[in-house]
Amino acid sequence: MKATCILTALLFALTASAQPTAQEWNKNVVGWNLGNQLECSAPGQDGESMHIGMVDNSIKAETAWGNPIVTKKVIKAVKDAGFNAIRIPIRWQCHITNDKAMSIDKAWMARVKEVIDWCLACDMKVIINVHHDKWLEGRPFQQYKDENCQKLALLWFNIANAFASYDYRLAFAGTNEVHVKDNWGKPTAENLEVQNAYNQTFIDIVRATGGNNLQRHLITQTYVCNPDFGLYNNDFIVPKDVEGNGNKYMSVEFHYYTPWDYAGECKYNFWGEDFKQYGEASPSNEKTMTEFFDKVVNTWASLGLGIVMGEWGVTDRQSSGQTDRIHENMTYYCKFLVSETRKRGFSTFIWDNNNFGSGPEHFGIFDRKGSMKVKAPWILQGIMEGKELKN
């Protein structure tokens, strides 16, 4: 009996400490983006600058785009609202103390750790990435590939070592929306080659740091995080992981402001078959969305890869006499999207840039300047109703 109890205890300990696969990590994750905070450029710095290195007041970057400093209250409010994960976009380039070693300012790293620790204290999963590092994102060309991969490797070596002891709840995402400036369209073969090289470089260097990073959940991206630039023609090449891992501890990330004519552009105020009666609706509908999600499953999840919808959202819009109906439709869209992604094991992270009003780029949910009051309850309602649906 005593031996059995000891064995049971040992098995429990091993299970508790085991790293989950990427698919296990993503399952039932309904997350939120800390948008326009840690990925900001330094105060007064051009956000499109490719300069690598510290500039004046770079430690104050998180408020440079008009948002207040992140606090414990922000994180707790997100948790209390029903989210169980936070994606933290991070710009590193204006916090680099030595561009030859891609070493990171200790004060900035301490700040990043502080915010991550608040999330983990709320028992939330966390994704950190390399976001808006323009030297990396804005030069997807062969002439810069080797230099960028070397710098990316050095940067992730420093990040991965800084978080090597963190548990499985922390995941790393290699890049963000890599693209030629002002060109969000179809990539060239050269652009795709560079993105695939970034992904492989990221996997190789993080695994090389060992420890928990050997099986940490690592997230790779399609070009510009557009799934259409990865699902077809073998445009996305699955990186090779270390021996024994297979594809179990890697995910593919894409962003989904889809259909853009409804979710981002505001060309249409309505989406979905039942809402066509209220006005002109997007040609895309429920069938379009579910068929696309099934394509993602059949292409990537079937290979053992996890699926991360790293950003998605519906910008707010108002129209005289129709605003309540429009918001009802937005609730429906969010509920449908979250429920359908959960059925398929995708993790989702709603984009919140703390921007309120009508028209494109108004993705705010929580008012970070007003005690985290929910100012888009129709969005939150849809997400949480989708989260609670039985699959």
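Quick summary incoming for the structure in this document. Along every chain, residues carry numbers that run from 1 in the direction the sequence is written. Restriction of local features to residues with pLDDT of at least 70 applies here, the model being predicted, together with a cutoff of 80 or more for giving and counting side-chain atom pairs; totals for whole chains, interfaces and linings are based on all residues. The side-chain values count all of the structure's non-hydrogen atoms but skip hydrogen atoms and water molecules.

### With respect to the overall build of the protein
The helix and strand labels rest on DSSP assignments: H or I over at least four residues marks a helix, E over at least two residues marks a strand, and numbering proceeds from the N terminus. When helices and strands are counted, the protein shows 11 helices and 12 strands. As defined in this context, the radius of gyration uses C-alpha atoms, and a globule is described by 2.2 Å times the residue total to the power 0.38. Taking 21 Å as the expected radius of gyration for a compact globule of 391 residues, we find that the protein reaches 21 Å, a close match to that expectation. If one aligns the C-alpha atoms of the protein with their principal axes, the spans along those axes are about 65 × 60 × 45 Å. Relative to its full complement of 391 residues, the protein shows a buried share of 58%. When checking whether two residues touch, look at their non-hydrogen atoms; a contact exists if any pair is within 4.5 Å. Contacts in the protein between residues at least 24 apart in sequence constitute 77% of all its contacts with a sequence separation of at least 6. Accessible area for the protein stands at about 16,200 Å²; split by element, carbon and sulfur atoms hold 52% of it. Distance from the positive charge centre (41 side chains) to the negative charge centre (45 side chains) of the protein: 6 Å. Only protein chains enter the area calculation, which uses a 1.4 Å probe; residues under 20% of their type maximum are buried, those over 50% are exposed, and those in between are partly exposed. Every accessible area reported is derived by Shrake-Rupley at a probe size of 1.4 Å, with residue values counting cover from the shown protein chains alone. Charge counting follows a simple rule: Lys and Arg are positive, Asp and Glu are negative, and His as well as the terminal groups are ignored. Every charge is mapped onto a representative atom, which is NZ of Lys, CZ of Arg, CG of Asp or CD of Glu.

### Let's talk about the environment of Met102
With respect to the secondary-structure elements, Met102 resides in the loop between β3 (96-98) and β4 (103-104). The spacing of Met102 and Asn36 is 66 residues in sequence and 23 Å in space, taken between C-alpha atoms.

### Points about the sheet that holds strand β6 (residues 170-173)
Pairing between strands requires that DSSP locate at least two bridges from one strand to the other. Taken in spatial order, the eight strands line up as β1-β2-β5-β6-β7-β8-β9-β10 and close into a barrel, and their pairing is parallel. Sheet twist, expressed as the mean angle between neighbouring strand axes with direction ignored, is 25°. Of the pairings in the sheet, the one linking strand β8 (residues 250-256) to strand β9 (residues 306-312) comprises six bridges and is parallel in character. Pairing of Glu253 across the sheet is with Val308, part of β9. Note on geometry: axes are lines fitted to C-alpha atoms, helical ones only across the stretch in contact, with angles between N-to-C directions running from 0 to 180 degrees. Contacting β8 and β9, helix α9 (residues 286-299) runs over the sheet at an angle of about 155° to β8. Running over the sheet, helix α10 (residues 323-343) touches β1 (30-33), β8, β9 and β10 (347-350) and is turned about 165° from β9.

### Topic: the packing of helix α6 (residues 142-162) against helix α7 (residues 189-208)
It is at 9 Å that the axes of α6 and α7 come closest, and there the two elements cross at 25°. Here α6 lies roughly parallel to α7, going by the angle between them. For the crossing formed where α6 meets α7, the hand is right-handed. On α7, the residues that touch Gln142, Lys145, Asn148, Cys149, Leu152, Ala153, Trp156, Phe157 and Ala160 of α6 are Glu190, Glu193, Val194, Ala197, Tyr198, Thr201, Phe202, Ile205 and Val206. Classifying every residue of the contact of α6 with α7 by side-chain character gives 12 nonpolar, three polar and three charged. Comment on the angle field: the value is read as roughly parallel under 35 degrees, roughly antiparallel over 145, roughly perpendicular from 65 to 115, and oblique elsewhere. By definition, any crossing whose near helix is turned counterclockwise from its far helix by less than a right angle is left-handed, and any crossing with a clockwise turn is right-handed. Under the scheme applied here, ten amino acids are nonpolar (Ala, Val, Leu, Ile, Met, Phe, Trp, Tyr, Cys and Pro), four are charged (Asp, Glu, Lys and Arg), and all others, including Gly, are polar.

### A short note on the pattern of salt bridges
Here, a salt bridge means any side-chain nitrogen of Lys or Arg that lies within 4 Å of a carboxyl oxygen of Asp or Glu. Tallying each qualifying case throughout the model produces 21 salt bridges. Here Glu253 and Arg87 are joined by a salt bridge, their closest N and O atoms 3.3 Å apart. With Glu253 in strand β8 and Arg87 in strand β2 (residues 85-88), this residue pair connects regions lying 166 residues apart in the sequence. When its relative accessible area of 1% is taken as the criterion, Glu253 is described as buried. On the basis of relative accessible area, Arg87 is assigned to the buried category, the value being 1%. A salt bridge links Arg344 to Glu340; its shortest N-O distance comes to 2.7 Å. Residue classification places Glu340 among the buried residues on the basis of a relative accessible area of 8%.

### Some words on the packing of α10 against helix α11 (residues 377-388)
Between α10 and α11, the shortest axis-to-axis distance is 7 Å and the interhelical angle comes to 30°. The pairing of α10 with α11 is recorded here as roughly parallel in orientation. The way α10 lies across α11 gives a crossing that is right-handed. In contact with His327, Met330, Thr331, Cys334, Lys335, Val338, Ser339 and Arg342 of α10, α11 contributes Trp378, Ile379, Gln381, Gly382, Ile383, Glu385, Gly386 and Lys387. Considered class by class, the residues forming the contact of α10 with α11 number six nonpolar, six polar and four charged.

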